[in-house]
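# Examination of the molecular architecture
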Amino acid sequence: MAQLTMIQAITDALRTELKNDENVLVFGEDVGNNGGVFRATEGLQKEFGEDRVFDTPLAESGIGGLAVGLSLEGFRPVPEIQFFGFVYEVMDSISGQLARMRFRSGGVYNAPVTIRSPFGGGVHTPEMHADSLEGLVASQPGLKVVIPSSPYDAKGLLISAIRDNDPVIFLEHMKLYRSFREEVPEEEYTIPLGKAAVKREGTDLTIIAYGAMVQESMKAAEELEKENYSVEVIDLRTVQPLDIPTIIASVEKTGRAVVVQEAQKQAGVAANVVAEINERAILSLEAPVLRVFAPDTVFPFSQAETVWLPNSKDIVATAKKVLTF
Amino acid sequence: MAAKNAKQLGPVETLQAIEEKFEMFQILNEEGEIVNKDADPNLTDEELVELMRRMVYTRILDQRSISLNRQGRLGFYAPTAGQEASQLASHFALEKEDFILPGYRDVPQIIWHGLPLAQAFLFSRGHFAGNQIPENVKVFPPQIIIGAQFIQAAGVALGMQKRGKKTVAVTYTGDGGSSQGDFYEGINFAGAFRSPAIFIVQNNQYAISTPRELQTAAKTIAQKGIAAGLPSILVDGMDPLAVYVATRDARERAVNGEGPTLIETLCYRYGPHTMAGDDPTRYRTSETDSEWEKKDPLVRFRTYLEAKGLWNEEKENEVIEQAKEEIKEAIKIADATPKQKVTDLMEIMYDPNTEMPYNLKEQYELYKEKESK
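Residues numbered from 1 in each chain as written. Chains lettered and ligands numbered in written order. Predicted model: local features only at pLDDT ≥ 70, side-chain atom pairs only at ≥ 80, totals over all residues. Heavy atoms only, no water.

### Structural notes on the overall build of chain B
The condition that has to hold: Numbering of helices and strands runs from the N terminus, with a helix taken as a DSSP run of H or I at least four residues long and a strand as a DSSP run of E at least two residues long. Throughout, exposure labels follow a simple rule: accessible area from a 1.4 Å probe, protein chains only, divided by the maximum for the residue type, with under 20% read as buried, over 50% as exposed, and the rest as partly exposed. Surface accessibility follows the Shrake-Rupley procedure with a 1.4 Å probe radius. Residue values consider only the protein chains on display as shielding. A positive count includes Lys and Arg, and a negative count includes Asp and Glu. His and the chain ends are not counted in either. In plain terms, the charge of a residue is placed at NZ if it is Lys, CZ if Arg, CG if Asp and CD if Glu.
Of the regular secondary structure elements, chain B holds 15 helices and seven strands. Within chain B, the proportion of its 373 residues that are buried is 58%. Looking at chain B as shown, the accessible area adds up to about 16,900 Å², and 51% of this sits on carbon and sulfur atoms. Once the 43 positive and 55 negative side-chain charges of chain B are each reduced to a mean point, those two points are 3 Å apart.

### Concerning the packing of aromatic side chains
Residues and elements named next belong to chain B. This is how it is decided: Note on aromatic contacts: the rings of Phe and Tyr and the six-membered ring of Trp form a pair at centre separations within 6.5 Å, being stacked when their planes are under 30 degrees apart, edge-to-face when over 60 apart, and tilted otherwise. Working rule: Lys NZ or Arg CZ, within 6 Å of ring centre, within 35 degrees of ring normal, means a charge sits over the ring.
Following the criterion strictly, the structure yields 20 aromatic pairs over all chains and no others. An aromatic cluster of at least three residues, connected via ring pairs, comprises Tyr206, Tyr268, Tyr270, Tyr283 and Trp292. Geometry around Trp292 places Lys295 over its ring, the cationic atom sitting 5.2 Å from the centre. Between the NZ or CZ atom of Lys370 and the centre of the ring of Tyr367, over which it lies, the distance is 4.5 Å.

### What about the nonpolar core?
As a reminder of what qualifies: Take the buried residues of types Ala, Val, Leu, Ile, Met, Phe, Trp, Tyr and Cys, join any two whose side-chain atoms come within 4.5 Å, and each joined set is a nonpolar core. Any pair of residues with heavy atoms lying within 4.5 Å of one another is described as a contacting pair.
Core analysis: the biggest nonpolar cluster contains 98 residues, and Ile169(A) and Ile277(A) have the highest contact counts within it. Once you skip the residues sitting within four places of it in the chain, Ile277(A) turns out to touch Ile208(A), Ile247(A), Ile248(A), Val251(A), Ala257(A), Ile282(A), Leu285(A) and Val289(A).

### Comments concerning a nonpolar patch on the surface
Cut-off, in case you're wondering: Like charges are joined within 9 Å and nonpolar side chains (Val, Leu, Ile, Met, Phe, Trp, Tyr) within 5 Å, but only among residues with over 30% relative accessible area and no salt bridge; these make up the patches. Each salt bridge in this description consists of a side-chain nitrogen of Lys or Arg and a carboxyl oxygen of Asp or Glu lying within 4 Å of one another.
Nonpolar side chains collect at one region of the surface, where Leu72(A), Val108(A) and Tyr109(A) lie side by side and expose about 330 Å² of accessible area between them. Summarising the element assignment, Tyr109(A) is placed in the loop between α5 (101-104) and β5 (114-119).

### Focus: the sheet that holds strand β1 (residues 99-101) of chain B
All names here are of chain B. Note the following rule: We treat two strands as partners when DSSP finds at least two bridges between them. Axis geometry follows a simple rule: fit a line to the C-alpha atoms, using only the stretch in contact for helices, then measure angles between N-to-C directions, giving values from 0 to 180 degrees.
Strand order in this open sheet of five strands is β1-β2-β3-β7-β6, and the pairing throughout is parallel. Looking along the sheet, the strands with just one partner apiece sit at the ends: β1 and β6 (232-236). Ignoring strand direction, the axes of neighbouring strands in this sheet form an average angle of 20 degrees. Looking at chain direction, strand β3 (residues 197-203) and strand β7 (residues 261-266) are connected through six bridges and run parallel. Opposite Ile198, over in β7, you have Thr261 as the bridge partner. Against the sheet, helix α3 (residues 84-92) engages β1, β2 (169-174), β3 and β7, with an angle of about 175 degrees to β2. With respect to the sheet, helix α7 (residues 181-193) is in contact with β3 and β7, its orientation differing from that of β3 by roughly 150 degrees.

### Comments concerning the packing of helix α5 (residues 117-124) of chain B against helix α13 (residues 313-336) of chain B
Residues and elements named next belong to chain B. Going by this rule: For classification purposes, angles smaller than 35 degrees are called roughly parallel, those larger than 145 roughly antiparallel, those between 65 and 115 roughly perpendicular, and all remaining angles oblique. What makes a crossing left-handed is the near helix being turned counterclockwise from the far one by less than a right angle; a clockwise turn instead makes it right-handed. For this scheme, ten residues count as nonpolar: Ala, Val, Leu, Ile, Met, Phe, Trp, Tyr, Cys and Pro. Four count as charged, namely Asp, Glu, Lys and Arg, and the remainder, Gly too, count as polar.
Interhelical geometry of α5 versus α13 gives an angle of 55 degrees and a closest axis separation of 8 Å. The pairing of α5 with α13 is recorded here as oblique in orientation. For α5 against α13, the interelement crossing comes out right-handed. Side by side, α5 and α13 meet where Leu117, Ala118, Phe121 and Leu122 of the first sit next to Glu326, Ile327, Ala330, Ile331, Ile333 and Ala334 of the second. Residues that form the contact of α5 with α13 fall into these classes: nine nonpolar, no polar and one charged.

Structure, rendered in structure tokens:
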């Protein structure tokens, strides 16, 4: 097995599905000859030709509309939005069109589209590049929203997303692209959408996180273990739909939960997780469920980014409030 | 397919006829010779020298910015070398009260419009003080979303029109930006309202890696203006005099109530798209680079001015030294600017004369405590 970074695992998944299904098309800004600004599509145009992997003119709304149309022709489009901060330009195609194609045609048409897009803080991008906007799409019925936290998961989840017959928003945290490697099988495999992973088992507290916050939560759990707290960490992997059974089973076991998101308090998906826990497991709770989040400002100018982003220390502090309630 | 009336052009012939009309407007050729005497703006000696000074200064600013970026002393930076004529000669035709809506590569224009250099560096470093435009400087912070400034420029121009101002709104994007919906909406709105706007597309041949020919089937970007009913012109963007004249004329029409103009400037970006990892060798050849370098705006303008006895090495060195000195001073100011705090960001979220929303207020107290440690 090869040791791959997340970006390599993503390329691997795209290659796998381009090979498996001739209807898969990869397109977007700079994804062809240049291999994408992060090299996610490196070598794919050469391998599969300009028919299958191609550059588009510069227009996010155009890329979204093209995906709708190509779906009607029976293709399985995998467009890239260069940075998810540019998603506002393509919101009509995503929420107004793709999300409701099956619904408004009474089930006759569907949109097997996977929109890939980098996002996430900590890499000092200019404005409108790093925002955590998963809440924006997670709130739209008709869409699935996937956020991998590791190379292994990225490959399996992306293959599942591409094979899914409904639109999937696949968000790739930029900080995770090259931050670590792990073993990724060369052969194809899938990880089901809507299924969380228990990254670490514990009995005193459940930390629920996704994206780059999974690593921070794992660090926090190790810190807390030094103080003899046994902490379970759940990686949501899919933030819409949520894996309610995994979350509830864990909270019923531990009786305490903290939900972590990189997004602002008023954005993201943590509020939804807390509400589900309260509705389904309130009698198991020993303490209120608290959240760790970024402040309710616009994503900061890069100079203030590090302080603004939640980290393992914030998670430990909030966890202690819950543990000592 | 032939048209019914033999005299009437069919659709294919109509397109060809329009495209043939778009010849590149040039006044000063690559050798520094005036090739279009009738169009010569006859700038005064002082004006010619000032325009040259700005181009040399800006080239140095670009070189220093790249090296500061490499040393980790600057943040986000989009190189400008090769685009000096396009950027600065168009700006040279503007008045102080004209409003500029720049893209993120158009920092030189807003500096010459009055933005202090230190603020340009703070913008690059991701400090909002960089975007706190002084009251008498008529510019909007550089736009990050490609093309968004085009429709906004239509708004500024409409506002000027309603206020009865004799000013214009000027906006810039690139060849890639001309594919965005905002581009078409912007030129169309301004055209429909006959607003005083100037839309400048700096066609530097590549949108990051995507070459101009993949961007559109149109032979020129300038001709896109025809569809919106705009006077439109294709200009040699490496020729400062041609860019100046095209912008001057567009401005004159705009303030006379004759509506907006679309200008396409043919130019080149010598450097990478930005300093964040773009590698131009992946998408263009050194042959193409050197072909364009032969057209360099500074080289031809220098030749032209030297022949007129208006420029020499000594003058050039003076400008270079001045630029270096001022850049050094501006960096000092940027260094001395207090580091941006999260509470600062919270304070600029909503009207400071209203009560902060409860969530933000709670977080404000928390961060204030964190920041005091």
